[in-house]
Amino acid sequence: ARSLLELARLKNPKNAELWVEAIRLERRAGNDKLAVSLMARALQECPSSGLLLAENISTSPRVEQKSKSADAIKRCPDDPRVITAVADLFAGERKHDKA
């Protein structure tokens, strides 16, 4: 599966769905460092992808989530995935009015 995703990403580097699946595959395999580096490359290829930004928020460590959510809102203010990820962050902090 890894090689197939790599080939697909080489042919379609701007496809956010392929990047997200590759990142999730590495996380499931336990390769967190590789998943983080893939996320960085994916955000360089698709900087305004709401799917990637939302995945980045939800998989980041707790201390980095606020800054990443603010960055994501600036990049994609109208993307429903980003808004949902930020709302989940607020709900997790029991700030239901903001969520």
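Before reading further, recall that the structure is shown in the block above.
From a predicted model like this one, the values you see are computed outputs, not experimental measurements.

## Quick look at the nonpolar core
Judged by nonpolar contacts, the single largest core of 24 residues is most densely connected at Trp19, Ile23, Leu52, Leu53 and Val82. Those elements that provide at least two residues to this core are helix 2 (16-29), helix 3 (32-45), helix 4 (50-59) and helix 6 (80-92). Among the elements that take part in this core, helix 2 stands out by supplying seven residues, more than any other.

## Thoughts on the packing of aromatic side chains
Tallied over the full model, the rule gives zero aromatic pairs. Across from the ring centre of Trp19, 4.6 Å away, lies the NZ or CZ of Arg9, which sits over that ring.

## Focus on the side chain of Arg9
Secondary-structure assignment places Arg9 in helix 1 (residues 2-11). Judged by relative accessible area, which is 6%, Arg9 ranks as buried. When sequence neighbours within four positions are dropped, the list of residues in contact with Arg9 reads Leu18, Trp19, Ala22, Leu38 and Arg41.

## Some points on the environment of Leu53
For Leu53, the position within the fold is in helix 4. Along the chain, Leu53 and Met39 lie 14 residues apart, while their C-alpha atoms are 9.2 Å from each other. Residues within four places of Leu53 in sequence aside, it is in contact with Leu43, Pro47, Ala72, Arg75, Cys76 and Val82.

## So, the side chain of Ser69
The residue Ser69 is located in helix 5 (residues 62-75) in this model. A relative accessible area of 8% means that Ser69 is categorised as buried. When sequence neighbours within four positions are dropped, the list of residues in contact with Ser69 reads Ile57, Val86 and Leu89.

## A few points about the environment of Ser60
As for its placement among the helices and strands, Ser60 is situated in the loop between helix 4 and helix 5. Each C-alpha atom of the pair Ser60 and Val36 lies 9.0 Å from the other, and the pair is 24 residues apart in sequence. For Ser60, the contacting residues outside a window of four places in its chain are Gln65 and Lys68. Of the polar contacts made by the side chain of Ser60, one reaches the backbone oxygen of Asn56; its length is 2.4 Å.

## Section: helix 5
Under the 1.5 Å per step criterion, the end-to-end length of helix 5 is 20 Å for 14 residues, consistent within 8% with the ideal 20 Å. Those residues of helix 5 that sit buried are Gln65, Ser69 and Ala72. The inward-facing, buried residues of helix 5 contact helix 4 and helix 6.

Rules used in this analysis
- Here the residue index of a chain counts from 1 through its sequence in written order.
- The model is predicted, so local features are restricted to residues of pLDDT at least 70 and side-chain atom pairs to those at 80 or more, both for listing and for counting; the totals for chains, interfaces and linings are taken over all residues.
- As a rule here, side-chain values come from all non-hydrogen atoms in the structure, and water together with hydrogens is ignored.
- By nonpolar core we mean a set of buried residues, namely Ala, Val, Leu, Ile, Met, Phe, Trp, Tyr and Cys, connected to one another through side-chain atoms within 4.5 Å.
- Classification of residues uses two cut-offs on accessible area relative to the type maximum, computed with a 1.4 Å probe and protein chains only: under 20% is buried, over 50% is exposed, and between them is partly exposed.
- Each helix corresponds to a stretch of at least 4 residues labelled H or I by DSSP, and each strand to a stretch of at least 2 residues labelled E; elements are numbered beginning at the N terminus.
- Aromatic pairing here means that ring centres of Phe, Tyr or Trp (its six-membered ring) are within 6.5 Å. Orientation follows from the plane angle: under 30 degrees is stacked, over 60 is edge-to-face, and everything else is tilted.
- The rule for a charge over a ring is simple: NZ of Lys or CZ of Arg within 6 Å of the ring centre, and within 35 degrees of the ring normal.
- By the convention used here, residues are in contact when the closest approach between their heavy atoms is within 4.5 Å.
- Any pair of nitrogen or oxygen atoms within 3.5 Å is treated as a polar contact; in protein, a donor-acceptor pairing is required on top of that, and neighbouring residues in sequence qualify only through side-chain atoms on both sides.
- Helices are assigned an expected span. That span is 1.5 Å times one less than the residue count.

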